[in-house]
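Structural features, examined
This is what each chain is made of:
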Amino acid sequence: MKTKLPLLSLIAAATLTACSSTNNALYFERTQLQQDISYLASDDLKGRKSFSKEIDVAADYIVERFTSIGLQPMPGTQSFKQQFNLHSVTPKSVSVALDGQPIAAERVATVSQSAGFSWQQTHDLVITHISADADLREQLRKLNQKGGNHLVLIDKAHEEAFSRYQNYFNNGLTKLELKDQGAMVLVLGYEGEVKGLEVKVANEVKTQQLTNVVGVLPGKRKDTDMVLFSAHYDHLGESKGEQGDHKQEESEEQDTIYNGANDNASGTGAMLNLAQHYAHLGDNERTLMFAAFTAEEMGLIGSKHFAKTQNPDAIAAMINIEMIGKPSAFGSGNLWMTGADKSDLQALLNQSLPQEDHIQANPYPKLNLFYRSDNASLARLGVPAHSFSSTDMANNDHYHTPKDELANLDFESIYKSVTLLVMASEPLVSAKATPSRVAPLKDDAEGKIY
Ligand SMILES: [Zn+2]
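By the naming in an unreviewed UniProt entry, the protein goes by M20/M25/M40 family metallo-hydrolase and is assigned to Pseudoalteromonas qingdaonensis.

Encoded structure:
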């Protein structure tokens, strides 16, 4: 991999004349790209589930690649690994009696970020009745934002919605930081005024470690002006092999590994090889940051943590790569991006691409994808942060199944997608262009209790 020979691909050669970029050489190798993706998607890594030992092996692999590429750790850190804690709070034992009458567990749901709580008196609680015609979701949202201790008596008419909250709370909260700002006890179908009560709740609080992998390629300019290339490297792990699997033909050998080849070994491989390309090129004006995020599948957790460690104003753009393992509806290797209307990045990137390879706006607007991937963690802070994919979401039966595996990837298409990303990103990397900022979100979505 020491060769400095530009590996001018057929694609780049074909588009040479149409492309306004001054340097069309590609300094990454098709075989390396294929090797990175194949390794991350292999059965050995058992679907790279967060907290598994295999995701740590994947992280080590990314560290090794960053090292051989010659990236540096983020300023002020010694390691490519950005390690952090994730806390979970799960109800362990719950007993509730109202006016001397024990309430069956099926009618109770509790939530708080503490190790537990007990209430014997009503005077320091807020008691709220939610009638049959009230908006349960909206009422709970308001109480959640207020914080404090709440007993919520819910009319039987809301039984279905109640059991959804019960499920959600019983599965446990996961938080980057625990803040005990109150508790909520929901009781379904209790008639009458509550004068006395006896509530005892014990929660199990667990803390586990997660790892993002982040490397930097310093630019000629200051590191207050950076471009971030990213992809999540976690996936869903293995299925336990129950339920739906019975439907399978008995002759068919049961595949329980969710390899996440498209989602998102493909994006991670692309990110690694973009790093390879720019490191060999060695003339980036802007500082480039490369991030492999963990726990995207658990709710964008790795990127949320990463965002907290960054000054968003220092990030000129974020190119998040998601599922480029299959040809798009626009043609092999062609890309679409989320949130094209939220900044002018699309037009800026397309300047360097031939017309037939232009990056398209997300053709699946109903899926609300802009806020469903890691780009959202930085976009909500104002960064022009977008996700780029090739996957035809309308025909994507392998999505989140064991069939998202190597055999179903199209490496021709992947290679072209990475090539297009290199070409499109040229004005960003050379600091010839700066996209407009995304309107930041006010963070009132986050409640105090859960
Ligand atoms: Zn996924």
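**Let's talk about the coordination of the zinc ion**
In the first shell of the zinc ion, the protein supplies Asp-263 (OD), Glu-297 (OE), Glu-297 (OE) and His-400 (NE2), at 1.9 to 2.6 Å from the metal. One way to put it: the 4 donor atoms around the zinc ion meet at angles of 55 to 150°, and that makes the site irregular. The sequence pattern describing where the donors of the zinc ion fall on their chain is D-x33-E-x102-H. Taken together, the residues Asp-263 in helix 6 (residues 261-281) and Glu-297 in the loop between strand 13 (287-293) and helix 7 (301-308) connect sequence positions 34 residues apart. Take Asp-263: its relative accessible area is 2%, and that puts it in the buried class. Taking the relative accessible area as the measure of exposure, Glu-297 reaches 21% and is therefore partly exposed.

**Topic: the packing of aromatic side chains**
Enumeration over the complete set of coordinates arrives at 13 aromatic pairs. Between Phe-229 and Phe-290, the aromatic rings sit 5.5 Å apart at their centres with planes inclined by 15°, giving stacked as the arrangement. Of this pair, Phe-229 sits in strand 10 (residues 226-232) while Phe-290 sits in strand 13, and the two are 61 residues apart along the sequence. For Phe-290, a relative accessible area of 0% corresponds to the buried category. Aromatic ring contacts, followed pair by pair, group Tyr-165, Tyr-168, Phe-169 and Tyr-450 into a single cluster. One residue, Arg-30, lies across the ring of Tyr-415, its end atom 4.0 Å from the ring centre.

**Let's talk about the pattern of salt bridges**
Taken as a whole and judged by the stated rule, the model has 13 salt bridges. Note that Arg-30 is salt-bridged to Glu-412, the shortest N-O span being 3.2 Å. Of this pair, Arg-30 sits in helix 2 (residues 30-40) while Glu-412 sits in helix 10 (residues 411-424); the two residues are 382 residues apart in sequence, bridging distant segments of the chain. Arg-30 sits in the partly exposed class, given a relative accessible area of 35%. In this structure, Lys-308 and Glu-177 form a salt bridge, with 3.2 Å as the shortest nitrogen-oxygen distance. Of this pair, Lys-308 sits in helix 7 while Glu-177 is found in the loop between strand 7 (173-175) and strand 8 (182-188), placing the two residues 131 residues apart along the sequence.

**Remarks on the layout of surface pockets**
One way to see where empty space is left: roll a probe the size of a water molecule over the atoms. Here the second largest pocket is characterised by a volume of approximately 260 Å³. Surrounding the second largest pocket, 17 residues form its lining, Glu-322, Met-323, Leu-369, Arg-372 and Ser-373 being those nearest its centre. Considering each element in turn, the lining of the second largest pocket owes the most residues, 3 residues, to strand 17 (residues 385-389). Looking at the lining of the second largest pocket residue by residue, the classes come out as 6 nonpolar, 6 polar and 5 charged.

Thresholds applied
Residues numbered from 1 in each chain as written. Predicted model: local features only at pLDDT ≥ 70, side-chain atom pairs only at ≥ 80, totals over all residues. Heavy atoms only, no water. Donors = N, O, S within 2.8 Å, 3.2 Å for Na, K, Ca; no water. Tetrahedral: all angles 85-135°; square planar, octahedral: opposite > 155°, others 65-115°. Helix = DSSP H or I, 4+ residues; strand = E, 2+ residues; numbered from the N terminus. Buried < 20%, exposed > 50% of the residue type's maximum accessible area, 1.4 Å probe, protein only. Phe/Tyr/Trp six-rings, centres within 6.5 Å; stacked < 30°, edge-to-face > 60°. Lys NZ or Arg CZ within 6 Å of the ring centre and 35° of its normal. Salt bridge = Lys/Arg side-chain N within 4 Å of Asp/Glu carboxyl O. 1 Å grid on protein atoms, 1.4 Å probe; cavity = no way out; pocket = protein on both sides within 12 Å on 5 of 7 lines; lining within 4 Å. Points joined across faces, edges and corners; volume = space filled by probe spheres on them. Nonpolar A, V, L, I, M, F, W, Y, C, P; charged D, E, K, R; others polar.

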